[in-house]
Amino acid sequence: MFRFLTRTVRFLISLLILGFIAVWALLLYVRYPDPIQVYKVGFAQPSKTAYLLPSRDVPASATPTPLLMSDKVEVLPSTVTWYGNAISFQEFLDKTSTNAFLILRDGKVTYEWYRSGVARDQRLPSYSVAKTIISILAGQLIAEGKLKESDKLVDFYPELKTGTSFDSITVQQLLDMQSGIDVPDNYPTGPSGWGSPIAQMYATTDMNYFLRGHRKMLFEPGSKGDYRSVDTQYMGMIIRKITGKDIATLAHDRIWEPIGAEYLATWSLDKKGGIEKAFCCFNAAARDFAKLGLLIKNQGKVGNIQVIPIGWMKRLSTPVEQLDNWGYSAYMWHPYPNVDMMLGLHEQIVYTDNKSGTIIVKLSDNLKDDENETVAVLKSLTY
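The structure displayed is predicted, hence computed values, not measured ones.

A. Layout of the environment of Gln173. Position of Gln173 among the secondary structure elements: in helix α6 (residues 171-175). Gln173 sits in the buried class, given a relative accessible area of 11%. When the C-alpha atoms of Gln173 and Leu153 are compared, they prove to be 9.7 Å apart, with 20 residues separating the residues in sequence. Not counting residues within four places of it along the chain, the set of residues in contact with Gln173 comprises Ser168, Gln178, Ser179, Pro221, Gly222 and Asp231.

B. Inspection of empty space enclosed by the protein at higher detail. Tallying each qualifying case throughout the model produces one cavity of 30 Å³ or more. One number sums up the size of the largest cavity: a volume of about 40 Å³. Every residue lining the largest cavity is listed: Thr49, Leu53, Pro125, Tyr127, Tyr202, Ser268, Cys281 and Asn283. When the residues that make up the lining of the largest cavity are grouped by side-chain class, the tally is five nonpolar, three polar and no charged.

C. Spotlight on the packing of aromatic side chains. Per the counting criterion, the structure on display carries 14 aromatic pairs. Ring plane angle 25° and centroid distance 5.7 Å describe the contact between Tyr227 and Trp333, whose orientation is recorded as stacked. Taken as a pair, Tyr227 in the loop between α8 (207-212) and α9 (230-243) and Trp333 in strand β14 (residues 332-334) lie far apart in primary sequence, 106 residues in all. Given the relative accessible area of 16%, Tyr227 is considered buried. On the basis of an interplanar angle of 85° and a centroid distance of 5.1 Å, the ring pair of Trp256 and Phe282 is categorised as edge-to-face. Here Trp256 is found in helix α10 (residues 247-256), whereas its partner Phe282 is found in strand β9 (residues 282-284), with 26 residues between them in sequence. Owing to a relative accessible area of 1%, Trp256 belongs among the buried residues under this scheme.

D. A look at the layout of surface pockets. In this model, the second largest pocket occupies a volume close to 280 Å³. Forming the walls of the second largest pocket are 17 residues, and the residues nearest its centre are Thr65, Ile259, Lys291, Leu294 and Val302. Every element with two or more residues in the lining of the second largest pocket is listed here: α11 (286-297) and β10 (301-302). Counting residues per element, the lining of the second largest pocket draws most heavily on α11, which supplies three residues. In the lining of the second largest pocket, the residues fall into eight nonpolar, six polar and three charged.

E. Representation of α9 in the model. The terminal C-alpha atoms of α9, which comprises 14 residues, lie 20 Å apart, in line with the 20 Å expected from a rise of 1.5 Å per residue. Counting buried positions along α9 yields ten of 14 residues, so the element is predominantly enclosed. Listed as buried for α9 are Val230, Asp231, Thr232, Gln233, Tyr234, Met235, Gly236, Met237, Ile238 and Ile239. The inward-facing, buried residues of α9 abut α4 (129-143), α5 (153-156), α6, α7 (197-203), α8 and α10.

F. Geometry of the sheet that holds β9. Pairing in this open sheet of four strands is antiparallel, and the strands run β1-β8-β9-β7 from one edge to the other. Among the strands making up the open sheet, the edge pair consists of β1 (55-58) and β7 (124-125). In this sheet, β9 lies alongside strand β8 (residues 265-268) in antiparallel orientation, the contact comprising two bridges. Bridged to Thr266 within β9 is Asn283.

G. Inspection of the packing of α4 against α9 at higher detail. For the pair α4 and α9, interaxial distance at closest approach is 10 Å and the crossing angle is 40°. Judged by the angle between their axes, α4 and α9 are oblique. Along this stretch, α4 crosses α9, giving a crossing that reads as left-handed. Contacts from Lys131, Ile134, Leu137, Ala138 and Leu141 in α4 reach Thr232, Met235, Gly236, Ile239, Ile242 and Thr243 in α9.

H. Just the nonpolar core, in detail. By size, the foremost hydrophobic cluster in this structure holds 109 residues, and its most contacted members are Phe101, Met235, Trp267 and Phe282. Per-element accounting of this core gives the leading share, eight residues, to α4. When sequence neighbours within four positions are dropped, the list of residues in contact with Met235 reads Ile134, Ala138, Leu147, Val171, Leu174, Leu175 and Tyr331.

I. Examining the state of the cysteines more closely. Under the definition given, this model contains one disulfide. Residue Cys280 pairs covalently with Cys281 via a disulfide, S to S 1.9 Å. Taking the sign of the S-S torsion, -55° for the link of Cys280 and Cys281, the bridge is left-handed. Take Cys280 and Cys281: they sit in the same class, and that class is buried.

J. Main features of the environment of Leu363. In this fold, Leu363 is placed in strand β17 (residues 358-364). The buried category is assigned to Leu363, whose relative accessible area is 2%. Taking C-alpha positions, Leu363 is 7.3 Å from Leu124, a pair spaced 239 residues apart along the chain. Those residues in contact with Leu363, other than ones at most four positions away along the chain, are Thr98, Asn99, Ala100, Leu124, Pro125, Ala286, Phe289, Glu347, Gln348 and Ile349.

K. Up close: the pairing of β8. On β8, burial covers both faces: Ala265 and Trp267 on one face and Thr266 and Ser268 on the other are all buried. Direction of pairing for β1 relative to β8: antiparallel, over a ladder of four bridges. Residue pairing for β8: Asp57 is matched across the bridge by Thr266.

Cut-offs and rules
- Residues numbered from 1 in each chain as written.
- Predicted model: local features only at pLDDT ≥ 70, side-chain atom pairs only at ≥ 80, totals over all residues.
- Heavy atoms only, no water.
- Helix = DSSP H or I, 4+ residues; strand = E, 2+ residues; numbered from the N terminus.
- Buried < 20%, exposed > 50% of the residue type's maximum accessible area, 1.4 Å probe, protein only.
- Contact = heavy atoms within 4.5 Å.
- 1 Å grid on protein atoms, 1.4 Å probe; cavity = no way out; pocket = protein on both sides within 12 Å on 5 of 7 lines; lining within 4 Å.
- Points joined across faces, edges and corners; volume = space filled by probe spheres on them.
- Nonpolar A, V, L, I, M, F, W, Y, C, P; charged D, E, K, R; others polar.
- Phe/Tyr/Trp six-rings, centres within 6.5 Å; stacked < 30°, edge-to-face > 60°.
- Expected span 1.5 Å × (residues − 1).
- Pairing = 2+ DSSP bridges.
- Axes fitted to C-alpha atoms, helices over the stretch in contact; angles between N-to-C directions.
- Parallel < 35°, antiparallel > 145°, perpendicular 65-115°, else oblique.
- Left-handed = near helix turned anticlockwise from the far one by under 90°.
- Core = buried A, V, L, I, M, F, W, Y, C linked by side-chain atoms within 4.5 Å.
- Disulfide = S-S within 2.5 Å.

Structure, rendered in structure tokens:
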């Protein structure tokens, strides 16, 4: 009996080892991280991913400029409206798993809050807030005459031609989510969805391999708008091709340095030393995200330096599409008139109300679809 049990245990252990090796080999074949890394990232809180993925540094500015503090700490309303009910402001922060919440009025911090355990200099993920950074870089290159919105994707990557309407996709269509590439942003929940295209793009260890394998079209380019992160990834690839530099370096030299960023940021890569996940995955401290909001509020200027070209500021602030009931243009959302909003998955928000001069930064781990309610709360604070 003892021998039988010993043999059975050995057999089961052998099966587990072989199974693990098989899974490892399969993930390697489809350009996924190893099983341990998949488990770590797949089950981690969103705010932890900034430290779990390979990344490239975006150093702090050589001349950092701390945010100005208001003389008085703002007293926020005792309650806000949440799904038709009045709840306390702290309950709102808790319900939406907020990690950092800042308010700036007239360029000064009037309110600053961090969840217990979250430090002021802690890097938090931005998810699709990163798209706006890509847009700013694109606008700079357009103003310099190095890029045109009429340029085609395959002008820069002729090896990607398919002989289909994919070959006609323009820079403008990539910027306004009009490409039609069949990689929808139907984010999965749980392990069952890890094989979806958007999950593959997020997890891949070979971005070029992923892009080559996902060139089918869902609709004709320019025929409509439909939010899809693959458009921004391609935009990032075009920027790399034009400049010959990686996106993290460009973000530092052209944005992070001139805005006087105080803290080290990072941009997650497909693999160590690889390509930036341009559609997401820029990780920074809340205070430096607030400086991006200030840059938008100040019409692209830092002092006398025009960081975002004037023409591109108009492009960013003028909706050309209705996506999810909000205006959209060149990777910037417009939920209300005179509002420019950078928005990322799980409620990473840089909200700029240009009329009142209010900037709100909210970085969260919210796994629920509360964006409409949350943005309505932010609007109620822009008095």
